[in-house]
Amino acid sequence: MDLSTVAFPVNTPKFWGNEQELVSKCIETGWISSEGPAVKEFETKLAARCQRKHGVAVANGTAALDIAVKALGLSTGDEVILPSFCIISCINQVVRGGCVPVLVDSDDSFNMDVSQVAAKITPKTKAIMCVHTYHFPVDMEPILALAKEHGLKIIEDAAEMIGQTCMGRPCGSFGDISTMSFYPNKHITTGEGGMVLCDDPALAERCQQLRNLCFDPKKRRFVHEDLGWNYRMTNLQAALGLGQLEHLEAAVQRKREIGRKYGELLAGCPHLVLPQDKNSKGESNIYWVYGVELPSSAPLDAEEVMKRLAAAKVGTRPFFWPMHEQPVFREMGLFKGLSFPVAERIARRGFYIPSGLALKDEELVEVARRVRKVMEEIGSGGYAG
């Protein structure tokens, strides 16, 4: 097949073969709502995979984070330390719940700079939110030590690290509560969907109530003593998730194959800083996305390079925009006068290229060829638009 005119989206999900049968079974039996048996099975199997005692399936990753913050009892005036460089889902419920978000910068791994966390802890600090980002997990060892020393809760956002490990443990197993997302670009997808993971049975029960409008099974139905959300996952979604979970190891292996192949094909490409295959701790890049950064010497920023790649029919997506620079929070008077240089730099100079699980080897080679061509034209000072 001639790929020279094909457009490549930034992500195409992969279905491994058993998903259709499992979803069809839901339709055949009539179990399509959140009360179907696949939901509990998905919760149990993913929790076990992450070495957790409890899983609570929810509507999406944002819902998981909302529930995690509220379930831990974080409320007005409580300080929560988290990275500025993350998706806005991480901070939504922190702000809406009246907590005070306390930001730290990132390091060159794109994760929070853990060396900055200790200085941010005050008597009002109640939790640290660790957000594993793009390639590698957060350095959890010093975070766990700080949390123990100061009696802090840990929320682990493992949405981008499903199948990754840290300190010899699965991501999703750290701290008081962990969250995951099953959006189509994740290693497991349910279309939309997410999960809260924890070990405390009382915390799990609280999460179950919050995802279901705080119905109390011990009281009369439709009588509520607290406010929650309708954040339930359907049986159809859970069935899809079960089919995907069967192939998690293969998905991670394929992601690493894609990342390493790009590394070979794009080596020496002008004006591109490529991701490392291993970090300083010897942990392997999971390549949730293949994120690249433009060096300071590059004549263009990421936005302009992405426009040129779009003209070459290569889909891209920019890196996150820092929380301290979000217009919505500036309007609220948050983060005045704050600057986080690494977050600001990578937000303006980073983007990622197609690396979905359905990407074939020959397609990957063609994407790399186009990326190199565009970058070489930029490097030479010209561009044939």
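Please read all numbers here as calculations on a predicted model, not as lab measurements.

Reading guide: rules and limits
- Residues numbered from 1 in each chain as written.
- Predicted model: local features only at pLDDT ≥ 70, side-chain atom pairs only at ≥ 80, totals over all residues.
- Heavy atoms only, no water.
- Axes fitted to C-alpha atoms, helices over the stretch in contact; angles between N-to-C directions.
- Helix = DSSP H or I, 4+ residues; strand = E, 2+ residues; numbered from the N terminus.
- Left-handed = near helix turned anticlockwise from the far one by under 90°.
- Contact = heavy atoms within 4.5 Å.
- Nonpolar A, V, L, I, M, F, W, Y, C, P; charged D, E, K, R; others polar.
- Disulfide = S-S within 2.5 Å.
- Buried < 20%, exposed > 50% of the residue type's maximum accessible area, 1.4 Å probe, protein only.
- Pairing = 2+ DSSP bridges.

Trainee: Explain the packing of helix α9 (residues 248-265) against helix α13 (residues 361-379) residue by residue, including any values.
Mentor: Relative orientation and spacing of two packed helices are given, respectively, by the angle between their axes and the distance between those axes. Two elements in contact, α9 and α13, have axes separated by 10 Å at closest approach and are oriented at 35°. With respect to the hand of their crossing, α9 and α13 are arranged in right-handed fashion. Residue-level inspection shows Arg-254, Ile-258, Lys-261, Tyr-262 and Leu-265 of α9 in contact with α13, the latter providing Asp-361, Leu-364, Val-365, Val-367, Ala-368 and Arg-372. Looking at side-chain class alone, the contact of α9 with α13 contains 7 nonpolar, no polar and 4 charged residues.

Trainee: Just give me the short version of the state of the cysteines, but keep the residues and values in it.
Mentor: What makes a disulfide is a covalent bond joining the sulfur atoms belonging to two cysteines. Here the structure, examined in full by the defined rule, presents 0 disulfides. The thiol of Cys-99 is not disulfide-bonded; the next cysteine sulfur, from Cys-90, is found 14 Å away. As a non-bridged cysteine, Cys-207 has Cys-198 as the owner of its nearest cysteine sulfur, 5.3 Å distant. Exposure remark for Cys-207: the relative accessible area of 0% places this residue in the buried category.

Trainee: Would you mind going over the sheet that holds strand β12 (residues 350-353) in detail, with residue names and values included?
Mentor: Strand order in this open sheet of 3 strands is β10-β12-β11, and the pairing throughout is antiparallel. Each edge of the sheet is formed by a strand with only one pairing partner; in this case those strands are β10 (290-293) and β11 (317-318). Here β11 pairs with β12 via 2 bridges, running antiparallel. Paired with Arg-317 across the two strands is Tyr-352, which belongs to β12. Lying on the sheet, helix α10 (residues 302-311) is in contact with β11 and β12; it crosses β12 at an angle near 25°.

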